[in-house]
Amino acid sequence: MTRQTIIPFGPQHPVLPEPIQLKLVLEDKKVVGAIPSIGYIHRGLEKLAQQKDYIQSIFLIERICGICSFLHSMAYCQGIEEMMNVEVPPRANNLRIIWAEMHRIHSHLLWMGLLADSFGFESLFMEIWRCRETVLDIMEETAGGRVMLGVCTVGGVRRDIPPELIKKVLATCDELQAHFDHFIPSILNDYSVKQRTVGVGVLTKEVALERGVVGPVARASGVVMDHRVAKYGAYANFDVEPQIEQDGDCYARSKVRVRELYQSLDLVRQSVATLPEGEFNIPVKGNPDGEVISRVEQPRGEVLYYLRGNGSKFLDRMRVRTPTFANLPGLLAMIPGCELSDVPVIILSIDPCISCTER
Amino acid sequence: MSAFSKSPWVVHYNCNSCNGCDIELLACLTPMYDLERFGVLNVGNPKHADVLVVTGSVNHRNAPVLKNVYDQIPDPKVVVALGVCTSTGGIFAECYNVLGGIDKVIPVDVFVPGCPPRPEAMIDGFVKALGILEEKRGGKDTGSAEKPTITLFPPAVE
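Here goes a summary of the coordinates provided. The shown structure was predicted, so the numbers you read here are calculated from the model rather than taken from an experiment.

## A look at the layout of surface pockets
Argument step 1. As a volume, the second largest pocket reaches approximately 480 Å³.
Argument step 2. Considering the residues around the second largest pocket, the lining is formed by 23 residues, among which P14(A), D117(A), L26(B), L29(B) and N42(B) are closest to the centre.
Argument step 3. Counting residues per element, the ones that place at least two in the lining of the second largest pocket are α4 (90–118) and α5 (122–143) of chain A together with β1 (9–14), α1 (20–29) and β2 (41–42) of chain B.
Argument step 4. When grouped by side-chain class, the residues that make up the lining of the second largest pocket number 13 nonpolar, 6 polar and 4 charged.

Structural data, given as structure tokens:
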């Protein structure tokens, strides 16, 4: 019988920006199992959201996660609006899409850089993060913050994008596309990158469905699943084609995210082209009452908000099911059978966001 | 300045943060802001590091981990605390699982306020930390940093 060794991975680890611990069970160099242990960044945010009124909560909910902050506030506001029967002005809906898709671009670029870092391709990491600054600059110019935008509110958005900035958004899209064309061949075609990603961490379609994974992880395993096709908000005006791959390995997950980068650029452009004139914010009266489930497609997958109001300005219950929480069981299915040196790449390929998961 | 504080190696630990500060810290290290021009290098092993960068507040689960990482760094060492969560708990201060600022567990040398702080503010904090590192190397007791004060409500206008 081979002797088993247990190696702790995390909570403090060079490739992990966030603390999660996986106890890796090894037989020689092969990993045969992984035991996760979480709770290092649990704050108790859901309880706090019930102690603040529903407008104050927006700023708290943005800080569930710093990477997809706008999409969290968008999901929450959509839920409250549905509860209160508020019709959001069409301009606000389009503006929300612009910011949401820019957030997706910045999140995917961040992920791609960290993936390059995880297999030691330092110069590619730097190149991708330099490109990411372009997105952060335009977000700062339009919304006032680099990562925490704070623009989404119940009944619309808090800021308009004036016409001269709209031109700049379009110019940034062109600039980004040129950047992408420059470095994306390195991710997809480079020999040494492919050695580390092709065939590593395979998740078959059956296991993906069984474990209930979401977002790019599910799509890379051939599961057609993208909540944007449900046409919430201004997505009703656009056709979003889910990007599907069949292989289910790290390379397929990279390919899905690369194609989504171009798709997001396209959606920003479409949203700008069809931007209606008029109000971007309507005053909201009253308090939320009833219960609602609100779903939004985030860069990492689908986020689900359950909100229950009681007619006062405080919510009775707020519950969040975040995409990484759904993807963790999938991750545990990918790890057994791989080499120890592939573990960082596999963990990063699901784009983990632990502060979302634990709140 | 000696050669020692011209190549400070940094180890980063995310305590209870929402990621906002962490991605801004990484943005600091990449070409746009480029902390490497001060010799700052991000390392994974606390035993190689001179500077500990912490984001977020502490809870029961990560306080021992933070203490452990701090104890492994060889002397002289400085602690840079990024974001408002590290001083008081910030927006999460009233959460049931947040104990408060990291100064409850380890001594802090520089607080960088903001939610999240801008990369420029972080660079400023690092430069300040390098001065403190140099003083500590000379055997001087620098004490711990004062917490940034936060005004929750602006004073009423008469």
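Additional details are given in the paragraphs that follow.
## Observations regarding the pattern of salt bridges
Residue and element names in this part refer to chain B.
Argument step 1. Evaluation of the coordinates by the stated rule reveals 27 salt bridges over all chains.
Argument step 2. Note that K136 is salt-bridged to D109, the shortest N-O span being 3.3 Å. Of this pair, K136 sits in helix α4 (residues 119–137) while D109 sits in the loop between α3 (85–88) and β5 (110–112); the two residues are 27 residues apart in sequence, bridging distant segments of the chain.
Argument step 3. The exposure class assigned to D109 is buried, which follows from its relative accessible area of 10%.

## Topic: α5(A)
Every α-helix winds through 3.6 residues per turn, so residues three or four apart in the chain are directed the same way.
Argument step 1. When the terminal C-alpha atoms of α5(A) are compared, their 31 Å separation across 22 residues agrees well with the 32 Å that a helix rising 1.5 Å per residue should span.
Argument step 2. Two residues or fewer after α5(A) comes G144(A), characterised by a positive phi angle close to 100 degrees.

## Observations concerning the sheet that holds strand β7 (residues 301–310) of chain A
Residue and element names in this part refer to chain A.
Argument step 1. Pairing within the open sheet is antiparallel, and its 3 strands lie in the order β6-β7-β8. If you trace the sheet from one side to the other, it starts and ends with β6 (289–298) and β8 (315–321), each paired once. For this sheet, the mean angle separating the axes of adjacent strands, direction not counted, is 10 degrees.
Argument step 2. On the sheet, helix α3 (residues 69–84) packs against β6, β7 and β8 and is oriented at approximately 150 degrees with respect to β6.

## Regarding the pairing of β1(B)
Residue and element names in this part refer to chain B.
Argument step 1. Burial of β1 is extensive: 5 of the 6 residues sit out of reach of the surface.
Argument step 2. In the sheet, β1 pairs with β2 via 2 bridges, with the strands oriented parallel. Of the residues in β2, the one forming a bridge with V10 is N42.
Argument step 3. Where the polypeptide runs from β1 across α1 and back to β2, its parallel neighbour, the crossover connection is right-handed.
Argument step 4. Here β1 runs beside strand β3 (residues 51–55); their pairing, made up of 5 bridges, is parallel. Along β3, the bridge assignment pairs H12 with V53.

## A few points about the interface of chain B and chain A
Argument step 1. Counting from both sides, the interface comprises 39 residues of chain B and, opposite them, 42 residues of chain A.
Argument step 2. Among the residues chain B hides against chain A, the three largest losses belong to I23(B), R61(B) and I91(B). Together they make up 18% of the total.
Argument step 3. Along the contact surface separating chain B from chain A lie 2 salt bridges.
Argument step 4. Taking the shortest distance from any N to any O, the salt bridge between E140(A) and R118(B) comes out at 2.4 Å.
Argument step 5. Between the two partners, chain B and chain A, sit 13 residue pairs in polar contact (both at pLDDT 80 or more).

## So, the environment of D22(B)
Argument step 1. Looking at the secondary structure, you find D22(B) in helix α1.
Argument step 2. We classify D22(B) as buried; its relative accessible area is 2%.
Argument step 3. Each C-alpha atom of the pair D22(B) and H12(B) lies 8.6 Å from the other, and the pair is 10 residues apart in sequence.
Argument step 4. Ignoring any residue separated from it by four or fewer positions in sequence, one finds D22(B) in contact with P17(A), H12(B), N14(B), S17(B) and T55(B).
Argument step 5. A distance of 3.2 Å separates the side chain of D22(B) from the side chain of N14(B), its partner in a polar contact.

## Remarks on the sheet that holds β3(B)
Residues and elements named next belong to chain B.
Argument step 1. Ordered by their spatial adjacency, 5 strands build an open sheet running β2-β1-β3-β4-β5, and the pairing between neighbours is parallel. Strands at the two margins of the open sheet, each flanked by one partner only, are β2 and β5.
Argument step 2. Packing of helix α2 (residues 63–72) onto the sheet brings it into contact with β1, β3 and β4 (78–82), and relative to β3 it is tilted by some 165 degrees.
Argument step 3. Running at roughly 180 degrees to β5, α4 makes contact with β1, β3, β4 and β5 of the sheet.

## Thoughts on the packing of α3(A) against α4(A)
All names here are of chain A.
Argument step 1. Where α3 meets α4, the axes come as close as 8 Å, and the angle between the chain directions of the two elements is 145 degrees. α4 is crossed by α3, and the crossing has left-handed handedness. Every residue of α4 that contacts α3 at S69, F70, L71, M74, C77, Q78 and E81 is listed here: R96, W99, A100, H103 and R104.
Argument step 2. In terms of residue class, the contact of α3 with α4 is made up of 6 nonpolar, 3 polar and 3 charged.

## Focus on the environment of S186(A)
Residue and element names in this part refer to chain A.
Argument step 1. Within the element layout of this structure, S186 appears in helix α6 (residues 163–189).
Argument step 2. Sequence-wise, S186 and E133 are 53 residues apart; in three dimensions their C-alpha atoms are separated by 19 Å.
Argument step 3. Once residues within four sequence positions are removed from consideration, S186 is found in contact with L124 and V193.

## Examining α1(B)
Argument step 1. With 10 of its 10 residues buried, α1(B) lies for the most part within the structure.
Argument step 2. Among the residues making up α1(B), those that are buried are G20(B), C21(B), D22(B), I23(B), E24(B), L25(B), L26(B), A27(B), C28(B) and L29(B).

## Digging into the state of the cysteines
All names here are of chain A.
Argument step 1. Here the structure, examined in full by the defined rule, presents 0 disulfides over all chains.
Argument step 2. You can see C131 has no disulfide; the closest cysteine sulfur is in C173, sitting 12 Å from it.
Argument step 3. Looking at C131, the relative accessible area reads 0%, which means it is buried.

## Notes on the nonpolar core
Argument step 1. Of all hydrophobic cores here, the largest spans 148 residues; its most connected members are Y76(A), W99(A), F180(A), Y305(A) and I335(A).
Argument step 2. Among the elements that make up this core, the one with the highest residue count is α4(A) (15 residues).
Argument step 3. With sequence-adjacent residues up to four places away left out, F180(A) is seen in contact with I105(A), L109(A), C131(A), P185(A), L261(A), Y262(A) and L265(A).
Argument step 4. Among the nonpolar cores identified, the runner-up in size contains 21 residues, and V54(B), A63(B), I73(B) and V108(B) belong to it.

The rules behind the values
- Residues numbered from 1 in each chain as written.
- Chains lettered and ligands numbered in written order.
- Predicted model: local features only at pLDDT ≥ 70, side-chain atom pairs only at ≥ 80, totals over all residues.
- Heavy atoms only, no water.
- 1 Å grid on protein atoms, 1.4 Å probe; cavity = no way out; pocket = protein on both sides within 12 Å on 5 of 7 lines; lining within 4 Å.
- Points joined across faces, edges and corners; volume = space filled by probe spheres on them.
- Helix = DSSP H or I, 4+ residues; strand = E, 2+ residues; numbered from the N terminus.
- Nonpolar A, V, L, I, M, F, W, Y, C, P; charged D, E, K, R; others polar.
- Salt bridge = Lys/Arg side-chain N within 4 Å of Asp/Glu carboxyl O.
- Buried < 20%, exposed > 50% of the residue type's maximum accessible area, 1.4 Å probe, protein only.
- Expected span 1.5 Å × (residues − 1).
- Pairing = 2+ DSSP bridges.
- Axes fitted to C-alpha atoms, helices over the stretch in contact; angles between N-to-C directions.
- Contact = heavy atoms within 4.5 Å.
- Right-handed = clockwise from strand over helix to strand, strands pointing away.
- Buried area = accessible area lost by both parts, 1.4 Å probe.
- Polar contact = N/O pair within 3.5 Å; in protein donor to acceptor, adjacent residues only side chain to side chain.
- Left-handed = near helix turned anticlockwise from the far one by under 90°.
- Disulfide = S-S within 2.5 Å.
- Core = buried A, V, L, I, M, F, W, Y, C linked by side-chain atoms within 4.5 Å.

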